[in-house]
Each structure stands twice: as C-alpha cells, then as structure tokens.
Amino acid sequence: MSLARRTLIPTAAALLLAAPAHAQNLIANGSFETPGLQGTVALFGGGSTIGGPTPGTRWTVLGTDVAVLRDDYNEGFNGVGSWPAAEGRQFADLTGTGGGNSANGIEQVVGTTVGNRYRLDFQLGRALSSFTGSPFYSAIPRLDLQIDGGARIQFTNDASTPIGSVNWRPFVFEFTAANAQTTVRFFRGDGGASPSLVGLDAVSLTDITATSAVIPEPSTYALLGTGLGALGLASRRRRRAVG
C-alpha cells in the first residue's frame, strides 16, 4: 500500500465527520422520562421540579401543579383507554388536577448566545373520549409558550382522531436570543374548567446559528470528491504497474 493511500483515507474520514449528525438539544428532560414513575401518573406541585437533581437538568413547576403520565395510564371509564407518549414512555399534562388555572405550567432556563437564532420543537397532545357527549376530554387543548417573560403565544390541537386515545401534533417556534440565559415557559392556555389533556412532550431547543456555522461548505465536499478521485487514480496506476 502506498503512502499516499495511507494518508488520504484518514483525511477523507475527517471531512465526513466535520458534519454533525444531530444538533445538540439544550433542553434537559424534554421527554419527561426522569424521574421514572413508580405508578402510571404523578402530580408535581408548584415550585417542585421534574428531572435531575441540579439546575440545568430539570423543569420547575409553575402554578398549582402539573402531572406526568406514563403510556400505560388508563381512563377507560372516561372513554380514553390508550395514552401513548409522543416520545419515550412519559409526558407532561399541564392541566394538573384540573380546574381553570391558566398559571399551571413549567419552565426551564437554558444558556444561550445573544443574537443567535434558536429553534424550539415540541408536541401538544389531545385526548379524545370515545363517549359521545361526554364532558371529559372533549375540549380542544390550548398551550401557551412564553420566552423570557414576553407575550404568551398560543398553540392548539384540534385533531378529531384517534378516538379513545391521544393525538400528538408537532410545533416549531423560532426566536433570537436576547440574553445569555433564556427562560422557556409552557402554560396551560385554555383557562377553562372543562376536563381535558394539555399534553406536552418531545421538547427540544437547538442553536440554528451555531449548527449552520459548522456545516461544511460545498467546497469541502468538492475537496473530498477530489481526494477520493485521486485515490482511485492512484489505485489504477498501481494495478497497471504490477501488471
């Protein structure tokens, strides 16, 4: 094997590794898998946390309380027997114990770079009762998003299927960071007394600006192609010389 070939292969591999497969998620416990529930549902009171033991690894509960449900939860007696999560096995329900508390919610503070553009992904869940005319799980869930104490922006899930289960609808919101630390808050947005699910799951926050900065330019891929072409040419010449 020639010296040219030994040095070219690591160079080509390095160029391929320059493009990240996934952008870093700045949100901790975005799928609410921590703590793992001992039962199928748990309530977390206002001021308590959901997630790890230290700041930066957990959510803080706002308002009265919120719930975390596991996918084997069952309310067949109210017409909803299937409770799949959007991601993993657990998800948050911002209605908590019910009632009309629109202050119920969660927040997390994340480190950001001033002036950078960020993308927030999340899914909003709606439970649909199979009982016609039931007062339970018939209302359209409304979820409010607030960034750094700004105006609350509302999202809704008006899906009509599947009956007797939970429908998840994905949303994307982009913003430019104004501070070195950004507070992301989600609230129950309906404020009504109708028992419903305001499900939240699969929350992720990525730095679009930083991610774009490390994606190789087209010229990088051109250089990779040139290198691979040179490798092939060298291999053909060596075969002719041996022959």
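None of the values given here were measured: they were computed from a predicted structure.

Caption draft 1: Just the packing of aromatic side chains, in detail. Applying the stated rule across the entire model yields 11 aromatic pairs. For the pair Phe 32 and Trp 59, a centre-to-centre distance of 5.7 Å together with 20° between the ring planes defines the contact as stacked. Note that Phe 32 is positioned in the loop between α1 (3–17) and β1 (41–45) and Trp 59 in strand β3 (residues 58–62), a separation of 27 residues in sequence. Grouped by ring-pair contacts, the aromatic residues Phe 32, Trp 59, Phe 122, Phe 155, Phe 171 and Phe 186 constitute a single cluster. Above the face of the Phe 187 ring, Arg 152 is positioned so that its terminal group lies 4.0 Å from the ring centre.

Caption draft 2: Broad picture of the side chain of Gln 108. With respect to the element layout, Gln 108 can be found in strand β6 (residues 105–111). The exposure class of Gln 108 is buried, given its relative accessible area of 2%. From its side chain, Gln 108 meets the backbone nitrogen of Ala 28 in a polar contact 2.7 Å long. Filtering out sequence-adjacent residues up to four positions away, Gln 108 remains in contact with Leu 26, Ile 27, Ala 28, Arg 58, Trp 59, Thr 182, Thr 183 and Val 184.

Definitions and cut-offs
Residues numbered from 1 in each chain as written. Predicted model: local features only at pLDDT ≥ 70, side-chain atom pairs only at ≥ 80, totals over all residues. Heavy atoms only, no water. Phe/Tyr/Trp six-rings, centres within 6.5 Å; stacked < 30°, edge-to-face > 60°. Helix = DSSP H or I, 4+ residues; strand = E, 2+ residues; numbered from the N terminus. Lys NZ or Arg CZ within 6 Å of the ring centre and 35° of its normal. Buried < 20%, exposed > 50% of the residue type's maximum accessible area, 1.4 Å probe, protein only. Polar contact = N/O pair within 3.5 Å; in protein donor to acceptor, adjacent residues only side chain to side chain. Contact = heavy atoms within 4.5 Å.

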